[in-house]
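Here is what each chain is made of, one letter per residue.
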Amino acid sequence: MKKPRYLLKRTKFAVIFSPLPITFGILLLILASSLVAFSLWADSFQVDEDLLPMAKNLPVFYDVNGNIMDYISDNYIPPDDIPTNLKNAFVALEDKRFYSHSGYDPYRMVGAVVRNIKSGGAVEGASTITQQLVKNTHLTFEKTITRKLKEIALATKIEEKYSKDEIFSMYLSVIYFGGGAYGIKSASKLYFDKAVENLTLSECATLAGIIKSPTKYSPINQLENSKERRNLVLEVMHKQGYIDDAQLEKAKNEPLVTSTPKKSSTSKFFI
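Residues numbered from 1 in each chain as written. Predicted model: local features only at pLDDT ≥ 70, side-chain atom pairs only at ≥ 80, totals over all residues. Heavy atoms only, no water.

**So, the nonpolar core**
Stage number 1. Leu-86, Phe-90, Phe-168, Tyr-171, Leu-172, Phe-177 and Leu-207 are the most contacted members of the largest nonpolar core, which has 50 residues in total.
Stage number 2. Secondary structure elements with two or more residues in this core: helix H3 (84-94), helix H5 (129-137), helix H6 (145-161), helix H7 (164-174), helix H8 (184-192), helix H9 (201-210), helix H10 (223-239) and helix H11 (245-252).
Stage number 3. Residues within four places of Phe-90 in sequence aside, it is in contact with Asp-95, Ile-129, Phe-168, Tyr-171, Leu-172, Phe-177, Leu-207, Ala-208 and Ile-211. (Core = buried A, V, L, I, M, F, W, Y, C linked by side-chain atoms within 4.5 Å. Buried < 20%, exposed > 50% of the residue type's maximum accessible area, 1.4 Å probe, protein only. Helix = DSSP H or I, 4+ residues; strand = E, 2+ residues; numbered from the N terminus. Contact = heavy atoms within 4.5 Å.)

**Looking at the packing of aromatic side chains**
Stage number 1. Going through the model one piece at a time under the given rule, you end up with seven aromatic pairs.
Stage number 2. Aromatic pair Phe-98 and Tyr-99: ring centres 4.8 Å apart, planes at 75°, arrangement edge-to-face.
Stage number 3. The exposure class of Phe-98 is buried, given its relative accessible area of 0%.
Stage number 4. The class of Tyr-99 is partly exposed, set by a relative accessible area of 42%. (Phe/Tyr/Trp six-rings, centres within 6.5 Å; stacked < 30°, edge-to-face > 60°.)

**Looking at the confidence of the model for the protein**
Stage number 1. For the protein, per-residue confidence averages 82 on the pLDDT scale, and residues scoring 70 or more make up 72% of the total.
Stage number 2. Here helix H12 (residues 266-270) stands out as the least confident element of the protein, with mean pLDDT 50; H9 is the most confident, with 98. (pLDDT = per-residue confidence, 0-100.)

**Describing the environment of Ile-77**
Stage number 1. Mapped onto the elements, Ile-77 comes out in the loop between helix H2 (19-42) and H3.
Stage number 2. Judged by relative accessible area, Ile-77 falls into the buried class, the value being 1%.
Stage number 3. Beyond its immediate sequence surroundings of up to four residues, Ile-77 is in contact with Ile-82, Ser-169, Leu-172, Ser-173, Ile-184, Lys-185 and Val-196.

**Quick look at the side chain of Ser-127**
Stage number 1. Relative to the helices and strands, Ser-127 is located in the loop between helix H4 (106-119) and H5.
Stage number 2. Among the polar contacts listed, one links the side chain of Ser-127 to the side chain of Glu-151, at a separation of 3.1 Å.
Stage number 3. Residue contacts for Ser-127: discarding those within four places in its chain leaves Glu-94, Arg-108, Gln-132, Lys-135, Lys-148 and Glu-151. (Polar contact = N/O pair within 3.5 Å; in protein donor to acceptor, adjacent residues only side chain to side chain.)

**What to know about a nonpolar patch on the surface**
Stage number 1. Taken together, the side chains of Ile-22, Ile-26, Leu-27 and Ile-30 make up a nonpolar region of the molecular surface, amounting to roughly 370 Å² of accessible area.
Stage number 2. By the element assignment, Ile-26 lies in helix H2.
Stage number 3. Classification of Ile-26 by relative accessible area gives partly exposed; the value is 45%. (Patch = residues over 30% accessible without salt bridge, like charges linked within 9 Å, V, L, I, M, F, W, Y side chains within 5 Å. Areas by Shrake-Rupley, 256 points an atom, 1.4 Å probe, with all protein chains shown as cover. Salt bridge = Lys/Arg side-chain N within 4 Å of Asp/Glu carboxyl O.)

Now the structure itself:
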């Protein structure tokens, strides 16, 4: 019979030098090196404040004689003007860890990769609200790994510079809602002919649901699709504790009364 000490040494040797620990160690080394390289690369990117929608960036237009033209740019919405239901609807649907992550969500990224592999295609993205802000202000919409890495790098920079409420405000001011409406103010006017502060819970959920596919979920052109999408948003809000049972049922049963489509002003469009 083998001596116990000999067997113990042999077992330790087998564990240390078996393929699995070696492979795991190599993978950890590669991951650590990649993270260091990415950090160094990401430091070279800078946020361009002139591209971000903020109160100080509202445009002023002059005519050929140098006179200021009478034009109101109302896309920007200050953080304090955003209704709680509207904020909760977007956060619940688009980025439930918005107030805890640093610009990107590793858990969501891993989950999206797993689901995409299972489905055999790119059926789910993992962009946070901050990343969507970056994509809509600093980058193109091309689907490449390099662009995605730039998006993450710039998102972390924005998170370092601005508060969560400021980031959310900028996001709501640039996101596209269809029908030529960029920003929540334009969308609220287009679909419900209302100021943002007067939106109901049902309307907030409807607007949050539109951005995935403005053509498919427009309450003006695709009412039934829009209702189904609104109800899904409300269910997500309920599941995450933003609304109670009574609010859920009331909002789901509220009729979607949309505004009558209006012809755009040619002069405003031109400007």
